[in-house]
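# Tertiary structure, described
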Amino acid sequence: MPSLRYSDITPKADYLNRRRFIAAAAAAGGGAVAAGLPFSPATAAIDAIKSPYSTSEELTPLDAITTYNNYYEFGTDKRDPSRYAGRLTTRPWSVVIDGLVNNPGTYDFEDILAGATLEERIYRLRCVEAWSMVVPWIGFELASLLARADPMPDARYVAFETLVRPEEMPGQSSRLLEWPYREGLRLDEAMHPLTILATGLYGEELPNQNGAPLRLVVPWKYGFKSIKAIVRMTLTVAEPPTTWNMQAPREYGFYSNVNPEVSHPRWSQATERPVGAGFFARRKPTLMFNGYGEEVASLYVGMDLSRNY
Ligand SMILES: Nc1nc2c(c(=O)[nH]1)N[C@H]1C(S)=C(S)[C@@H](COP(=O)(O)O)O[C@H]1N2
Ligand SMILES: [Mo]
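Here is what the cut-offs are and how they apply
Counting restarts for each chain, with residues numbered from 1 along the sequence as it is written. Here the convention is simple: chains get letters from A, ligands get numbers from 1, in the order in which they are written. Residue-level local features of this predicted model are given only where pLDDT is at least 70; pairs of side-chain atoms are given and counted only at 80 or more, and the full residue set underlies all totals for whole chains, interfaces and linings. Excluded from the side-chain calculations are hydrogens and water; all other atoms, namely the structure's heavy atoms, are used. Under the scheme applied here, a residue whose accessible area is under 20% of the maximum for its type counts as buried, over 50% as exposed, and between as partly exposed, the area being computed with a 1.4 Å probe on protein chains only. The numbering of helices and of strands both runs from the N terminus, where a helix is a DSSP run of H or I of at least 4 residues and a strand a run of E of at least 2. Note on pairing: two strands pair once DSSP finds at least 2 bridges between them. Note on definitions: a residue-residue contact is assigned when non-hydrogen atoms from the two residues lie within 4.5 Å. Between N-to-C directions, angles span 0 to 180 degrees; the directions come from axes that are lines fitted to C-alpha atoms, helices contributing only their stretch in contact. Working note: the arc is built from the helix axis to C-beta atom directions. Residues enter a nonpolar core if they are buried and are Ala, Val, Leu, Ile, Met, Phe, Trp, Tyr or Cys, with the set joined through side-chain atoms within 4.5 Å. The nearness test applies per residue and asks whether one of its heavy atoms lies within 4 Å of the molecule or strand. Pairs of N or O atoms within 3.5 Å make up the polar contacts considered here, provided that, within protein, one atom can donate a hydrogen while the other can accept it, and that residues adjacent in sequence are counted only when both atoms are side-chain atoms. Surface accessibility follows the Shrake-Rupley procedure with a 1.4 Å probe radius. Residue values consider only the protein chains on display as shielding. The residue classification treats Ala, Val, Leu, Ile, Met, Phe, Trp, Tyr, Cys and Pro as nonpolar and Asp, Glu, Lys and Arg as charged. All others, Gly included, are polar.

A few words on the pairing of strand 7 (residues 196–201). Of all the six residues making up strand 7, six are buried; the element is thus mostly covered by neighbouring parts of the structure. Here strand 4 (residues 131–141) pairs with strand 7 via five bridges, running antiparallel. The residue of strand 7 that forms the bridge with glycine 139 is alanine 198.

Below, the structure is given as structure tokens:
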């Protein structure tokens, strides 16, 4: 697998130059890129860029990714997270992994990083509100962290929780949602190689408004499954309660796989608005499983996706 260690993350200017250089080299002669660039093998950012899981679609600009956010801990306006998340203290940070695991405990964020193989994953992000982005995440496979915790054979789900800290998260002073924000995945979804924990984007540390220091990214599901600022993961037998499902069960199911054929009760999911693409950008057709069907459709064989929405 393509790998990019945390220590290899380069300043953005270098990174963008390198990207441009690679694009130019690719345009000039294809195979030359793989054949021998004047970079040391340690400069693995090149491999990371070539992750087979990355889309080649045009990236959403950084300013759109960091100023148009859903993060109700900081308010409901799309700009609230960029206004208020800066005050969140993200170090030290740790994640409790408990429940049905052989190695339960408090995992320090720096230790998690030290054991992680970071990759760049350029993924589509499709919000249930029918807008979308293309985000160059930096992260690692959730499966690798779960392997350290060593799930027991009867574990079937993973429940995730966000930090509760109303002093730094102004939205938590209201009863907008029941805190903590909770999410969950079936264990096979959690172990899927497309499922990552992101610690960065655009080649830099994750901005607070995008869920620093550690957030889930499940690209074939609606964005609300991709829970931010994770402090706990619990392996369970039963399907865990999840925030938006508790809030409005008819509107938001546990699975929440992107599906253009299953409308939200209040709007169609057939198309999406690309955020940050300019005033004249056209809506795009939404793809089944957000375009990741080849990788994930097998997880849902035999399930009626209009009932298990
Ligand atoms: N803790 C927490 N995680 C969250 C949310 C939230 O309100 N709180 N919003 C979700 C929703 S609805 C979306 S679309 C994505 C948005 O991620 P982004 O702001 O990085 O684009 O985060 C998800 N994760
Ligand atoms: Mo969302």
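Following the sequence through the fold, threonine 243 ends up in helix 9 (residues 243–247). Beyond its immediate stretch of four places on either side in the chain, threonine 243 contacts Leu177, Glu178, Pro180, Tyr181 and Arg182.

This brings us to the sheet that holds strand 2 (residues 105–108). The strand order 2-1-10-5-6 describes an open sheet built from five strands, whose pairing is mixed. Single-partner strands in this sheet number two, and they are strand 2 and strand 6 (182–186). Pairs of neighbouring strands in the sheet enclose a mean axial angle of 20 degrees, with direction left out of account. In terms of strand pairing, strand 1 (residues 94–99) meets strand 2 through four bridges, oriented antiparallel. Its bridge partner lying in strand 2, isoleucine 97 is registered against glycine 105. The sheet strands contacting helix 7 (residues 142–149) are strand 1, strand 2, strand 5 (157–162) and strand 10 (230–236), and the helix crosses strand 10 at an angle near 65 degrees.

Time to look at unusual backbone geometry. Glycine aside, negative phi is the norm for most residues, and most peptide bonds take the trans geometry. Following arginine 91, the chain continues into proline 92 via a peptide bond in cis, with omega recorded as -10 degrees. By the element assignment, proline 92 lies in the loop between helix 5 (80–84) and strand 1. Backbone geometry places aspartate 150, a non-glycine residue, at a positive phi of 60 degrees. For aspartate 150, a relative accessible area of 32% puts it in the partly exposed group. Phi angles above zero are rare outside glycine, and alanine 229 is one such case at about 45 degrees. Assignment of secondary structure puts alanine 229 in the loop between strand 9 (215–217) and strand 10. Here alanine 229 falls in the buried class, since its relative accessible area comes to 0%.

Let us now look at helix 7. Think of an α-helix as 3.6 residues a turn; residues three or four steps apart then line up on the same face. By the burial criterion, the buried members of helix 7 are Leu142, Ala143, Leu145, Leu146 and Ala149. Looking straight down helix 7, one finds its buried side chains confined to an arc of 160 degrees; they lie on one side. Just downstream of helix 7, aspartate 150 is the residue with a positive phi angle, here 60 degrees.

This part is about the nonpolar core. Counting 78 residues, the largest nonpolar core has Trp137, Phe160, Leu197, Leu216, Trp220, Met233 and Leu235 as its most contacted members. Per element, the largest residue contribution to this core is six residues, and it comes from strand 4. Excluding anything up to four places from it in sequence, leucine 216 contacts Leu142, Phe160, Leu185, Thr195, Ile196, Leu197, Lys225, Ser226, Ile227 and Ile230.

Every one of the 17 residues lining ligand 1 counts as a neighbour, but Asn69, Tyr72, Glu73, Thr162 and Lys228 are closest to it. Contact between ligand 1 and asparagine 210: an oxygen atom at 2.9 Å from a side-chain N or O atom of the residue. The contact in question runs from an oxygen atom of ligand 1 to an N or O atom on the side chain of lysine 228, over 2.7 Å. Coverage of ligand 1 by the protein amounts to 97% of the 530 Å² it exposes when considered alone. Here the shell around ligand 1 is built from residues that sort into eight nonpolar, six polar and three charged.

Take it as geometry only, folks, not as evidence of what the structure does.
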